[in-house]
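Each chain, written out:
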Amino acid sequence: MARSKLIKERVPTPEVPVEERVKSFVEVNLGYDFASAVKEAERCIQCPPEYAPCIKGCPVHINIPGFIKALRENSENPDEAVKNALRVIWNDNTLPAVTGRVCPQEEQCEAPCVMGKVGDPINIGKLERFVADYARKHGIDEELLKEFISEENGIKGKVAVVGSGPAGLTCAGELAKMGYKVTIFEALHKPGGVLIYGIPEFRLPKEILDKEIAKLHELGVEIKLDHIVGKTVTLEELLEEYDAVFIGTGAGTPKLLNIPGILLDRIYTANEFLTRINLMKAYKFPEYDEPISIGKKTIVIGAGNTAMDAARSALRMGSEVTIAYRRGREDMTARIEEIKHAEEEGVKFEFFLNPVEFIGDENGKVKAVKFEKMRPLEERDAKGKRKIVGTGEYITLEADTVIIAIGLEPNKIISEEATGLKTNPDGTLVVDENLMTSIPGVFAGGDAIRGEATVILAMGDGKKAAKAIDEYIQKKRLPA
Ligand SMILES: Cc1cc2nc3c(=O)[nH]c(=O)nc-3n(C[C@H](O)[C@H](O)[C@H](O)COP(=O)(O)OP(=O)(O)OC[C@H]3O[C@@H](n4cnc5c(N)ncnc54)[C@H](O)[C@@H]3O)c2cc1C
Ligand code: SF4
């Protein structure tokens, strides 16, 4: 059979025009429709699954050529095509509407795609997102879910999951599918972890997330909100009632800048700022009770995903925004798509500036930030980033609002309360190759063991831990 011609260019996805989107929190990227998704799917040359580099590049090893094939095989029957594609995806990933939107595909599945050698890699993330969105809109996910509901629900044992971020949600879903009765304990009043309180609506609409979480209820998972493990209930108490525990508490404690002026008004951590906006919907104040005070000129310190989200949110609240980063453009850790969107929307960037002091006005409000200018060295640090040194030169930039986004670390509520739970010096939990902590029967994954990482790595841990928990419980049940 003659090989069809390689199509080098991606089928583009439409986006809301800049002038419209900066005024609201609507989702920026509109995704594919069925015809354009099939057109993009047809560019895939269908590498054999045992070799396909895209599968190797995906941390949960979705059968990517498999779902792409399902999509284009039934191009006359969209519902059937999507159902088959979703079945393939769900085998490895139960939150495709989320990962299709927030994964750094350019570093994962799309980086090694062979089509990338002759043109654009296949737009795997947007195809995954299309399958999930179409299925949700047409009730196909409801139908398919029935295939995954375990008749054994609750029979194999009881597991407690602490934290409802991507790690906890995935671990809970996998265990429920295996026949366990799972209860999630979540400190906040809404489930989702960073997906609900960190990542803004314009990247991940909360209605979509709520739907993804509702699937878990149908699988038989119970979610107890407003439960802080280590305070409301202890780890010891959970171990008395459950056969095993999974800790997916993330890395939600912001790192602070210990410099003069840090306590001035209108200096936020990105966590507080984004929680008010996303979780408490302060951007809809006074319709919602939560207020937020933002001035005319905002400086965001940092250049990761959190910094981009905070900057783009402040912009949508009517402020002029500058991102100040102590390293260079190529050292930024945020996703390329997010940096591009921030720039298009008018966020300004200043590089090689390290804050040394916040300057306040007579009312105790921040009015400027003093920075030392930095210079890059040839040497690289452990993470491969260029090292920097101060030049001894200073610059002061005006700002009536400052958002600090310089990183996050695990919170210590559980490790400080539970005796025998070992942690590393950076506060992450110590686990073995099966993700079991130093307490038998207690497993952990996601940012709680890695520090600040990614959604898909947290989900991969949740899945791996679910398998290890199943083996642990079954082994414990065997007569000695
Ligand atoms: C603003 C922002 C943007 C990001 N953007 C991206 C992105 O685009 N792509 C990407 O891949 N990654 C992104 N990340 C990183 C990603 O969100 C995290 O790596 C991921 O959410 C980690 O998942 P997790 O389940 O381990 O923890 P989390 O999502 O942090 O969830 C932990 C949950 O545990 C709960 N909890 C904590 N302690 C307790 C306790 N003692 N008892 C009960 N519950 C508790 C918390 O309330 C929370 O709901 C971003 C992070 C931030 C902050
Ligand atoms: S590597 Fe690219 S072309 Fe090959 S199967 Fe994966 S998506 Fe298709």
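What comes next is a walk through the structure. (Residues numbered from 1 in each chain as written. Chains lettered and ligands numbered in written order. Predicted model: local features only at pLDDT ≥ 70, side-chain atom pairs only at ≥ 80, totals over all residues. Heavy atoms only, no water.)

**Observations regarding the packing of helix H13 (residues 270-279) against helix H14 (residues 305-316)**
Geometry of a packed helix pair, given as the angle between the helix axes and the separation of the axes. Here is the rule: For every element, the axis is a line fit to its C-alpha atoms; helices are fit only across the contacting stretch, and the angle between N-to-C directions ranges from 0 to 180 degrees. Strands are runs of DSSP state E lasting at least two residues, helices are runs of H or I lasting at least four, and both sets are numbered from the N terminus onward. Any angle that falls under 35 degrees is termed roughly parallel, while one over 145 is termed roughly antiparallel, one within 65 to 115 roughly perpendicular, and all others oblique. Less than a right angle of anticlockwise turn of the near helix away from the far helix marks a crossing as left-handed, whereas a clockwise turn marks it as right-handed. In what follows, a contact means two residues having at least one pair of non-hydrogen atoms within 4.5 Å. Put simply, Ala, Val, Leu, Ile, Met, Phe, Trp, Tyr, Cys and Pro go in the nonpolar bin, Asp, Glu, Lys and Arg in the charged bin, and everything else, Gly too, in the polar bin.
Taken N-terminus to C-terminus, the directions of H13 and H14 make an angle of 50°; their axes are 10 Å apart at the nearest point. Relative to H14, the element H13 is oriented oblique. Considering only the axes of H13 and H14, their crossing is left-handed. Between H13 and H14, the residues in contact are Ala270, Phe273, Leu274 and Ile277 and Thr306, Asp309, Ala310, Ser313 and Ala314, respectively. Here the residues of the contact of H13 with H14 are counted per class, giving 6 nonpolar, 2 polar and 1 charged.

**Re the sheet that holds strand S15 (residues 442-444)**
Worth spelling out the cut-off: A strand pair is defined by DSSP finding two or more bridges across the two strands.
Pairing within the open sheet is parallel, and its 5 strands lie in the order S3-S2-S1-S4-S15. Edge strands, defined here as strands with exactly one partner in the open sheet, are strand S3 (222-224) and S15. Direction aside, neighbouring strands of the sheet carry axes that sit 20° apart on average. Bridging between strand S4 (residues 244-247) and S15 involves 3 bridges; their strand directions are parallel. Paired with isoleucine 247 across the strands is alanine 444, a residue of S15. Docked against the sheet, helix H9 (residues 166-178) engages strand S1 (158-162), strand S2 (181-185) and S4, running at close to 165° with respect to S2. Each of S1, S4 and S15 is contacted by helix H18 (residues 455-477), which is oriented at about 165° to S4, the strand it contacts most.

**Some thoughts on helix H15 (residues 336-345)**
In plain terms, the rule: Any residue under 20% of the maximum accessible area for its type is buried, any over 50% is exposed, and the rest in between are partly exposed; the area is computed with a 1.4 Å probe on protein chains only.
Of the positions making up H15, those classed as buried are Glu337, Glu338, Ile339, His341, Ala342 and Glu345. The inward-facing, buried residues of H15 contact helix H1 (18-21), helix H7 (124-137), H14 and strand S9 (348-350). Phi turns positive, to about 105°, at glycine 346, one or two residues after H15.

**A closer look at the pattern of salt bridges**
Counted only if it meets this: What counts as a salt bridge is simple: a side-chain nitrogen of Lys or Arg found within 4 Å of a carboxyl oxygen of Asp or Glu.
Evaluated as defined, the whole model comprises 43 salt bridges. The salt bridge partner of arginine 87 is glutamate 147, with a shortest N-O separation of 2.9 Å. Of this pair, arginine 87 sits in helix H5 (residues 78-90) while glutamate 147 sits in helix H8 (residues 140-148), and the two are 60 residues apart along the sequence. Given a relative accessible area of 27%, arginine 87 falls into the partly exposed group. Glutamate 471 is paired through a salt bridge with lysine 467; the nearest N and O atoms lie 3.8 Å apart. Separated by 4 residues within a single helix, glutamate 471 and lysine 467 lie in helix H18, roughly one turn from each other. In this structure lysine 467 comes out as exposed when scored by relative accessible area, which is 54%.

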